[in-house]
Amino acid sequence: MSAASSRLPVFPWDKLEPYKATASAHPDGIVDLSVGTPVDPVPELIQRALVAAADSPGYPTVWGTAELRDALTGWVERRLGARGVTQTNVLPVLGSKELVAWLPTQLGLGAGDRVAYPRLAYPTYEVGARLCGAEPVSYEDPTELDPAGLKLLWLNSPSNPTGRVLDKAELTRIVAWAREHGVLLVSDECYLELGWEAEPVSVLHPDVCGGSYEGVVAVHSLSKRSNLAGYRAAFVAGDAAVLGELLRVRRHSGMMTPAPVQAATVAALGDDTHVAEQRARYAARRTALRAALEAHGFRIEHSEASLYLWATRDEPCWETVARLAELGILVAPGDFYGPAGGNHVRVAFTATDERVEAAVKRLR
């Protein structure tokens, strides 16, 4: 029997462990800016909704409650500007990473099929292709790809790791190309509510998709906007035919969002105040870290959105990682996200205010 793990690359974060040990030895402790994991409290109204739904002895449904589906459709229309969204256009998932990793498999892709993703990208896009035996392909401009055998095209705006935002014209052009060639376009928009120097646009906006969701799916997560990484709360929206197929597959495989998490998601999507408050926290941390990095000799590229600063000193990324580890600061090497990131590091501003202040002092 061939182990599925043999198809996969080495888990990248394992390579960072020696540098984490160095940073942890700093007298004032480590400042971990490597993983973009939320550190601020889950908003109280979300916690209350979770607790109120704690007595949930029965099985939840894969499609979720009608209340959850109403919350999803309402948010997609209100926040993304989508029009005519029905419950068949939404589907809850168990965190966006699960969806990214297993989407090619659940769509029935395999040997002979191709899955494309940006040349600087979240590693799980490639993992998803490899898990089902499809061929992973990276791109600079997706419209320059050979469409033969291309079944799934990933977009990621705002980008992880670079924070780059694709504007409305670029998105419209790519959607049109994908439809022309019969390629399913899936847009990972998990950082859409974290635009700083640009206003991210969804592929579901009518100016982009022309008011039709055919061949287009968007992925959204509550991990960043609502500090719910521990809840595994996310959803997809778009083409009803694609989501219907996913629903049938996921019902057979038991991929059910727990009922308390469904209730918490309803509360989270119905409140904008906590999102604005969290944005303000991140904005202050971003400003402080950016100034400190630039004063330390870094150049920040892109980074107009998301929770990261894409930084370079024009040296190999692992040299930068080692240099910062000596200061007790841990960052992610750019080559985790593709060879094109070899001279960059990704700096997350998801640490506490106290740890961000410590990093700023050390960089001085």
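See the structure above.
The structure presented is a predicted model; accordingly, all values stated were derived computationally and were not measured.

Describing the side chain of S34
Then step 1. Structurally, S34 can be placed in the loop between β1 (31-32) and α2 (44-52).
Then step 2. The buried category is assigned to S34, whose relative accessible area is 2%.
Then step 3. Setting aside its immediate chain neighbours within four residues, S34 contacts W13, L16, L330, V331, A332 and R346.

Concerning the side chain of H220
Then step 1. With respect to the helices and strands, H220 occurs in strand β7 (residues 216-221).
Then step 2. A distance of 2.8 Å separates the side chain of H220 from the side chain of E189, its partner in a polar contact.
Then step 3. The contacts of H220, once residues within four sequence positions are left out, are W75, L80, E189, C190, L192, A234 and F235.

Observations concerning empty space enclosed by the protein
Then step 1. Using the criterion set out here, one finds four cavities of 30 Å³ or more in the structure.
Then step 2. Taken together, W75, E189, C190, L192, E193, H220, S221 and R225 make up the lining of the largest cavity.
Then step 3. Space inside the second largest cavity adds up to approximately 40 Å³.
Then step 4. Surrounding the second largest cavity, L68, P92, V93, A233, A234, T257, V261, Q262 and T265 form its lining.
Then step 5. The set of elements that each furnish at least two residues to the lining of the second largest cavity consists of β2 (90-93) and α9 (259-269).
Then step 6. Among the residues forming the lining of the second largest cavity, the class breakdown is six nonpolar, three polar and no charged.

Concerning helix α6 (residues 168-180)
Then step 1. When the terminal C-alpha atoms of α6 are compared, their 18 Å separation across 13 residues agrees well with the 18 Å that a helix rising 1.5 Å per residue should span.
Then step 2. Considered for burial, the residues of α6 that qualify are L171, I174, V175, W177 and A178. Considered in projection along α6, the buried side chains sweep an arc of 165° and stay on one side of the axis. Of the exposed residues in α6, those oriented more than 90 degrees away from the buried face are A169 and E180.
Then step 3. Here the buried face of α6 lies against β5 (150-156), β6 (184-188), α7 (206-209) and β7.
Then step 4. Just downstream of α6, G182 is the residue with a positive phi angle, here 65°.

Some details on the nonpolar core
Then step 1. Among the nonpolar cores identified, the biggest contains 66 residues, and L33 and W154 are the most heavily contacted of them.
Then step 2. It is helix α12 (residues 353-363) that provides the largest number of residues to this core, a total of five residues.
Then step 3. In this view, W154 contacts L99, V100, L103, V115, A116, Y117, P118, Y125, Y139, V186 and V219; residues no more than four positions away in its chain are not counted.
Then step 4. In this structure, V85, L150, V208 and V261 belong to the second largest nonpolar core, which totals 46 residues.

A word on the sheet that holds strand β9 (residues 299-301)
Then step 1. Read across the sheet, four strands follow the order β9-β10-β13-β12 without closing on themselves; strand pairing throughout is antiparallel. Sheet topology places β9 and β12 (332-333) at the edges, where each strand pairs with a single neighbour.
Then step 2. Pairing of strand β10 (residues 308-312) with strand β13 (residues 344-348) involves five bridges; the strand directions are antiparallel. Looking at β13, one finds that T312 is bridged to H344.
Then step 3. Contacting β9, β10 and β13, helix α10 (residues 273-295) crosses the sheet at an angle of about 5° to β10.

Analysis parameters
Residues numbered from 1 in each chain as written. Predicted model: local features only at pLDDT ≥ 70, side-chain atom pairs only at ≥ 80, totals over all residues. Heavy atoms only, no water. Helix = DSSP H or I, 4+ residues; strand = E, 2+ residues; numbered from the N terminus. Buried < 20%, exposed > 50% of the residue type's maximum accessible area, 1.4 Å probe, protein only. Contact = heavy atoms within 4.5 Å. Polar contact = N/O pair within 3.5 Å; in protein donor to acceptor, adjacent residues only side chain to side chain. 1 Å grid on protein atoms, 1.4 Å probe; cavity = no way out; pocket = protein on both sides within 12 Å on 5 of 7 lines; lining within 4 Å. Points joined across faces, edges and corners; volume = space filled by probe spheres on them. Nonpolar A, V, L, I, M, F, W, Y, C, P; charged D, E, K, R; others polar. Expected span 1.5 Å × (residues − 1). Arc of directions from axis to C-beta. Core = buried A, V, L, I, M, F, W, Y, C linked by side-chain atoms within 4.5 Å. Pairing = 2+ DSSP bridges. Axes fitted to C-alpha atoms, helices over the stretch in contact; angles between N-to-C directions.

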